[in-house]
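Coordinate analysis (summary)
One letter stands for each residue in the lines below.
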Amino acid sequence: MEWDLRIREFKTRLKRLHKEQAYNPQLYTLCLNYVAQVQKQLEQDFKAISDLQETEEIYFFKHIKPIVCAHNLFYRKIIQLQHEKPLKALKTQIRFYKKQLDIEYRFKLRHKAFAYYLKSKQTHLDAIYFIRREPLPYDPDDLRLQYNLNYSTPRDFLTAKLAGAALLTEYLKTKITQLADRPTVEPDTPHLDWSGSRTDLIELTYALYHAKVIHKGKADIIEIARALSNFFNMDPGDVYKTYSEIKSRKKSRTKFLDEMAMNLTLAMDREDF
């Protein structure tokens, strides 16, 4: 089976998703869903092989399965960070990302011997690391959470974790650089207190995002939410969760915007008399 071709197609599809959905706030969720589909199909195809050779088994668990699994771990972590990151001061956000970067560094340091084994393309322990077998009584580097002996080896998950850490490290470095390059808010920048609800603010945030009137449509949801929260002195909380609640409304899903439009229309009508 052409495993390498499958991986090339997998990476190409992910790149296309990133390009086509670049301004979609659900980009990483879309990517994660696609990765999960590929993982499921990959497992089915592997288990369908009737005459599997040892060399092919090693290759699959060393070079194929971990790549897809790494992207699953990567996108899950990004989604988690989007929910956990602070939305106010840039310095606070930079500290947050640097802390995550340190966590990834310490993980790689803890497994540096095996990471070196992979990086230097050694193979003398492949039959131990990447052949399905019973777990050893004590193996601190065997990170398998569930012992599915038909579809796991002592090191395929650790290989995926290290690859995912590499992806996340690049992501974090990029985020830190982007934040560091942004101009800070001037001390005399005016602030107004938001007297509406947090939900109203999120509704306005998404309206501005989908109107594409901020940075010519290139600003993402979190950037807009952070700017509004700074200006109006209101913590927006979990932006994505609140938006999900707005979408689930049984009556008007744009209640705040409807009220704004109605109040403006009434004010203009009064001024006409």
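About the cut-offs
Residues numbered from 1 in each chain as written. Predicted model: local features only at pLDDT ≥ 70, side-chain atom pairs only at ≥ 80, totals over all residues. Heavy atoms only, no water. Helix = DSSP H or I, 4+ residues; strand = E, 2+ residues; numbered from the N terminus. Expected span 1.5 Å × (residues − 1). Buried < 20%, exposed > 50% of the residue type's maximum accessible area, 1.4 Å probe, protein only. Core = buried A, V, L, I, M, F, W, Y, C linked by side-chain atoms within 4.5 Å. Contact = heavy atoms within 4.5 Å. Salt bridge = Lys/Arg side-chain N within 4 Å of Asp/Glu carboxyl O. Lys, Arg positive; Asp, Glu negative; His and termini not counted. Phe/Tyr/Trp six-rings, centres within 6.5 Å; stacked < 30°, edge-to-face > 60°. Lys NZ or Arg CZ within 6 Å of the ring centre and 35° of its normal.

Here helix H8 (residues 198–211) spans 20 Å end to end across 14 residues, near enough to the 20 Å set by a 1.5 Å rise per residue. For H8, the complete set of buried residues consists of Asp-200, Leu-201, Ile-202, Glu-203, Leu-204, Thr-205, Tyr-206 and Tyr-209. Two residues or fewer past H8, Lys-212 is found with a positive phi of approximately 55°.

So, about the nonpolar core. The biggest cluster of nonpolar side chains holds 43 residues, and the ones touching the most others in it are Leu-14, Phe-60 and Tyr-75. Elements with a contribution of two residues or more to this core: helix H1 (3–20), helix H2 (27–47), helix H3 (54–84), helix H4 (90–110), helix H5 (112–119) and helix H7 (156–180). In terms of residues, this core owes the most to one element, H3, which gives 10 residues. Ignoring anything within four residues of it in the chain, the contact list for Phe-60 reads Trp-3, Leu-42, Phe-46, Lys-65, Pro-66 and Tyr-151.

All right, on to the pattern of salt bridges then. A full pass over the atoms with the stated rule returns 8 salt bridges. The salt bridge partner of Lys-62 is Asp-126, with a shortest N-O separation of 3.1 Å. Of this pair, Lys-62 sits in helix H3 while Asp-126 sits in helix H6 (residues 126–129), and the two are 64 residues apart along the sequence. Linking Glu-203 and Arg-249 is a salt bridge whose minimum nitrogen-to-oxygen distance equals 3.0 Å.

By the secondary structure assignment, Lys-85 is in the loop between H3 and H4. We note that Lys-85 is buried and unpaired, the nearest opposite charge coming from Asp-220 at a distance of 6.0 Å. The contact partners of Lys-85, leaving out residues within four places of it in the chain, are Gln-93, Phe-96, Tyr-97, Lys-175 and Ile-222.

With that settled, the discussion passes to the packing of aromatic side chains. Scanning all chains against the criterion turns up 22 aromatic pairs. With a centroid separation of 6.2 Å and an interplanar angle of 85°, the aromatic rings of Tyr-129 and Phe-130 are classed as edge-to-face. The class of Phe-130 is buried, set by a relative accessible area of 0%. An aromatic cluster of at least three residues, connected via ring pairs, comprises Trp-3, Phe-46, Phe-60, Phe-61 and Tyr-151. Note that Arg-13 overlies the ring of Tyr-34, its terminal NZ or CZ placed 5.9 Å from the centroid. If you follow Arg-155 out to its NZ or CZ, it ends over the ring of Phe-114, 5.9 Å from the centre.

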